[in-house]
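Secondary and tertiary structure notes
What follows is each chain in one-letter form.
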Amino acid sequence: MSEDKVIFVEGHSDKKRLLAVLAEPVEIVCTNGTVSPYKLEELLAPHEHQDIYVFVDADASGDAIRALFKREYPEAIHLYTERVYRQVETTPYRALALILLAANFKVHPDLLF
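In what follows, the accompanying structure is described. (Residues numbered from 1 in each chain as written. Predicted model: local features only at pLDDT ≥ 70, side-chain atom pairs only at ≥ 80, totals over all residues. Heavy atoms only, no water.)

1. As for the environment of Ala-97
- You can see Ala-97 is positioned in helix α4 (residues 93–102).
- When the C-alpha positions of Ala-97 and Ile-28 are compared, they lie 15 Å apart, and in sequence the two are 69 residues distant.
- When near neighbours in sequence (up to four residues on either side) are disregarded, Ala-97 contacts Val-21, Val-107, Leu-111 and Leu-112. (Helix = DSSP H or I, 4+ residues; strand = E, 2+ residues; numbered from the N terminus. Contact = heavy atoms within 4.5 Å.)

Right under this line is the structure:
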């Protein structure tokens, strides 16, 4: 796993989708839906020396998680899918690849065409 980056997503389907796009080993942590500030602190604790990325759905649940991250961990880097796709798991692979590439992740080059 990459020792300097971790991506937080909502669910296992999101994680599976990102793993199919990434061309480097990156730890992906699932929040399993909306989390409390206490639960977020627990999830973040093992990753305090890594770059934290937040890649959640473009819906009410994702907005709530994103707001919590912004409040509790403002250093986090936020990645956004387009609202038209609504969910990370339904975002086309090419769109995910472009989003991750823009954030300096290595992606499978065949997904860029």
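2. Describing the packing of aromatic side chains
- This model, assessed by the stated rule, comprises two aromatic pairs.
- When the ring of Tyr-53 is compared with that of Phe-105, the centres are 4.7 Å apart and the planes differ by 65°; the resulting orientation is edge-to-face. Placement of the pair is Tyr-53 in strand β3 (residues 51–56) and Phe-105 in the segment after α4, with a sequence separation of 52 residues.
- Looking at Arg-66, its charged tip hangs above the ring of Tyr-80, at a distance of 3.9 Å from the centre. (Phe/Tyr/Trp six-rings, centres within 6.5 Å; stacked < 30°, edge-to-face > 60°. Lys NZ or Arg CZ within 6 Å of the ring centre and 35° of its normal.)

3. Describing the pairing of β3
- Among the six residues of β3, five are classified as buried, and the element is accordingly described as predominantly covered.
- Relative to β3, strand β1 (residues 5–9) runs parallel, the two sharing four bridges. Bridging from a neighbouring strand, Val-6 pairs with Ile-52 of β3.
- One ladder, built from four bridges, connects β3 with strand β4 (residues 77–80); its direction is parallel. Each residue of the ladder has a partner; that of Val-54, found in β4, is His-78.
- As a crossover connection, the stretch from β3 through helix α3 (residues 60–72) into β4 is right-handed. (Buried < 20%, exposed > 50% of the residue type's maximum accessible area, 1.4 Å probe, protein only. Pairing = 2+ DSSP bridges. Right-handed = clockwise from strand over helix to strand, strands pointing away.)

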